[in-house]
Amino acid sequence: MRSYNLWIGGRDVAAEGGAGTVRRSPAHGAELARFALGSAADLDRAVAAARAARESWSDRNAMERAALMTRLADLMQAGLDRLAEIEAEEVGKPIRDGRGEIAHSINLTRYAAALAWEIPGRAQTHHGTSALGIVSYEPIGVVGMITPWNFPAVTLFQKLPYALAAGCTVVIKPSEMTAGTTLEVARLATEAGFPDGVINVVTGKGSVVGNAMVDHPDVDMISFTGSTEVGRAIGEKCARQVKRAGLELGGKAANIVFADADLDDALDGVALGTILNQGEECVAGTRLLVEKSIAETFTRKLADRLSRLRVGLPLDPQTDMGAMIHEDHMKAVLAHVETARREGADVVAGGMRLTGGIYDKGFFIAPTILGKVTPEMSYFREEVFGPVISVTAFETVDEAVALANATEYGLGNGLWTKDLDKAHQVSKRLRSGTVWVNTYLDGAPQMPFGGYKRSGLGRENGREGLIEFMQVKSTFFRLGKRAKALPHAA
Ligand code: NAD
């Protein structure tokens, strides 16, 4: 079992009081890691370390910051196998996905390092010969980052390298269940040569460490990824302090399949959107909207594909889908299925816990299809966060768009058609921060990511992801002798 303390000021530091929590595998029950349960006093120490490191870090040449980030990416590359195993085991996800997640985190770091080379800024030279304006971007300061359990590495790396490139120092509060990769990365950053205090990690409860972070007067910004419920409360607290908050929240994505799509591609993408990360994903394609003329055949073929997937242990390379994060969450997902059934949906496939053999020691659910789901049913509106997809048939483009938008969330949506006009028009009408056309869950560090509506505020990744962590300053220079503003008083 791995045992971790906090990471403060470039050092391994025991939590005040020494309390800890043990993470067991959600797939086979074995003890994986012990994480420290930090206190508000521990958070104070970490914020002080970040504050102390702030000026020397932000005053460095940005290319020096980029060089350290590139070294961190190299160390992560060298340690990819270990990081991927930790990620897969703690979350319960397949090792294949764990590897993909760490590889993507490395790419995000390399891209953000490149962005540091061209931090924007401009000179305004057209105010006459005796005036000059400079618009500069400065780091916001100390950033508190709060991350969830489903993609511990990627949700962190959509924030951390951009904040570092901008010149911020950070204190991270990962999920108390899946903090392993975050702590490993903080250690690697010190090995890469990052100055003490630039990256700090305080593990523990959201209600204790997270809460103290949001309230802390020396934390200049909160960058949060998690549920809409917690994000809304954090946003309110930040607003009262006039503190910037970046919020990456829940989702309820739709995959719209038109009859003229490449149906084989669509089946593959819709299946992936259902089961990737056990459906524990903010952009899980949890609602299938399918044109009526193909709805029955498409649903039958989807059930066939899902039935052939291998649900298994995280470290088995053959596993397509792993275990749910914990028992209560598994029960909550099954309760959503039960409610849908009561409200009139058909359970076309799955719908139950898997049992027997390896399944008896973990929290496994069969990939599930709910037929005949209408927008009035609670499933259509509520985030379920499991390997479940609903099927709703539509007849017109307008109807498809209205159904897709009939949710308070707006993180991502997908659409499948070979008609370019339709693809463009529908993607413009979808109210979400990301739209995938003839693919699903593709991403690139250069493409901003974030939510419309209740899915969040702000953007991660891309140039926008860098600017999130910066303040804009206007500096106005008067050159030569200044004309008197108050001539009578001169
Ligand atoms: P959560 O909101 O329960 O917890 C997220 C983090 O907030 C954890 O570290 C938790 O300890 C902390 N926290 C909890 N209460 C807090 C409080 N009062 N003050 C400060 N911090 C607090 O979310 P979760 O269950 O870990 O993750 C699942 C959710 O995350 C889903 O809703 C999912 O859609 C969302 N998510 C969103 C994105 C995105 O990019 N938009 C990505 C991944 C996950």
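It should be emphasised that the depicted structure is a prediction, and the values quoted were computed from it without experimental measurement.

Peer 1: Run through the packing of aromatic side chains, naming residues and quoting values.
Peer 2: Per the counting criterion, the structure on display carries seven aromatic pairs. Summarising the aromatic geometry, the rings of Tyr-4 and Phe-35 are spaced 5.5 Å apart at their centres and angled 15° between planes, so their arrangement reads as stacked. Of this pair, Tyr-4 sits in the loop between strand 1 (2-3) and strand 2 (6-8) while Phe-35 is found in strand 5 (residues 31-36), placing the two residues 31 residues apart along the sequence. The two residues Tyr-4 and Phe-35 agree in class, both being buried. Here the guanidinium or amino end of Lys-252 rests over the ring plane of Tyr-379, the centre of that ring lying 3.9 Å away.

Peer 1: Got a sec to walk through the packing of helix 10 (residues 263-275) against helix 11 (residues 292-307)? Specific residues and values, please.
Peer 2: Interhelical geometry of helix 10 versus helix 11 gives an angle of 55° and a closest axis separation of 10 Å. Here helix 10 is positioned oblique relative to helix 11, judged by the angle of their axes. Of the two elements, helix 10 crosses helix 11, and the hand of that crossing is right-handed. Residues Leu-263, Asp-264, Ala-266, Leu-267, Asp-268, Val-270, Ala-271, Thr-274 and Ile-275 of helix 10 touch helix 11, and the partners they reach there are Ile-294, Phe-298, Lys-301, Leu-302, Arg-305 and Leu-306.

Peer 1: A description of the site of the ligand should follow, citing residues and the corresponding values.
Peer 2: Taken together, 27 residues lie near the ligand, and Thr-147, Lys-173, Ser-227, Leu-249 and Glu-383 sit nearest. A distance of 3.3 Å separates an oxygen atom of the ligand from a polar atom in the side chain of Glu-248. In this structure, a nitrogen atom belonging to the ligand sits 2.8 Å away from a main-chain N or O atom of Leu-249. About the coverage of the ligand: the protein hides 86% of its 860 Å² of free accessible area.

Peer 1: Tell me about the domain arrangement of the chain, residues and numbers included.
Peer 2: The domains assigned to the chain are domain 1 (2-249 + 455-475) and domain 2 (254-437). Taking the mean C-alpha position of each, domain 1 and domain 2 sit 31 Å from one another. Across the contact, 26 residues belong to domain 1 and 30 residues belong to domain 2. Carbon and sulfur atoms make up 58% of the area that domain 1 and domain 2 hide from each other, which totals about 2,200 Å². Among the residues of domain 1 in contact with domain 2, Ala-27, Trp-149 and Ser-455 are the three that bury the most area, contributing 24% of the side total. Inspection of the domain 1/domain 2 interface yields one salt bridge. Joining domain 1 to domain 2, the criterion identifies 10 residue pairs in polar contact (both at pLDDT 80 or more).

Peer 1: Outline unusual backbone geometry, supporting the account with residue identities and numerical values.
Peer 2: Although it is not a glycine, Leu-441 adopts a positive phi angle of roughly 65°. Mapped onto the elements, Leu-441 comes out in the loop between strand 20 (434-437) and strand 21 (452-453). The class of Leu-441 is buried, set by a relative accessible area of 18%. Its identity as a non-glycine residue notwithstanding, Asn-461 has a phi of 70°, on the positive side.

Criteria and cut-off values
Residues numbered from 1 in each chain as written. Predicted model: local features only at pLDDT ≥ 70, side-chain atom pairs only at ≥ 80, totals over all residues. Heavy atoms only, no water. Phe/Tyr/Trp six-rings, centres within 6.5 Å; stacked < 30°, edge-to-face > 60°. Helix = DSSP H or I, 4+ residues; strand = E, 2+ residues; numbered from the N terminus. Buried < 20%, exposed > 50% of the residue type's maximum accessible area, 1.4 Å probe, protein only. Lys NZ or Arg CZ within 6 Å of the ring centre and 35° of its normal. Axes fitted to C-alpha atoms, helices over the stretch in contact; angles between N-to-C directions. Parallel < 35°, antiparallel > 145°, perpendicular 65-115°, else oblique. Left-handed = near helix turned anticlockwise from the far one by under 90°. Contact = heavy atoms within 4.5 Å. Near = heavy atom within 4 Å. Polar contact = N/O pair within 3.5 Å; in protein donor to acceptor, adjacent residues only side chain to side chain. Areas by Shrake-Rupley, 256 points an atom, 1.4 Å probe, with all protein chains shown as cover. Domains from an automatic or database assignment. Buried area = accessible area lost by both parts, 1.4 Å probe. Salt bridge = Lys/Arg side-chain N within 4 Å of Asp/Glu carboxyl O.

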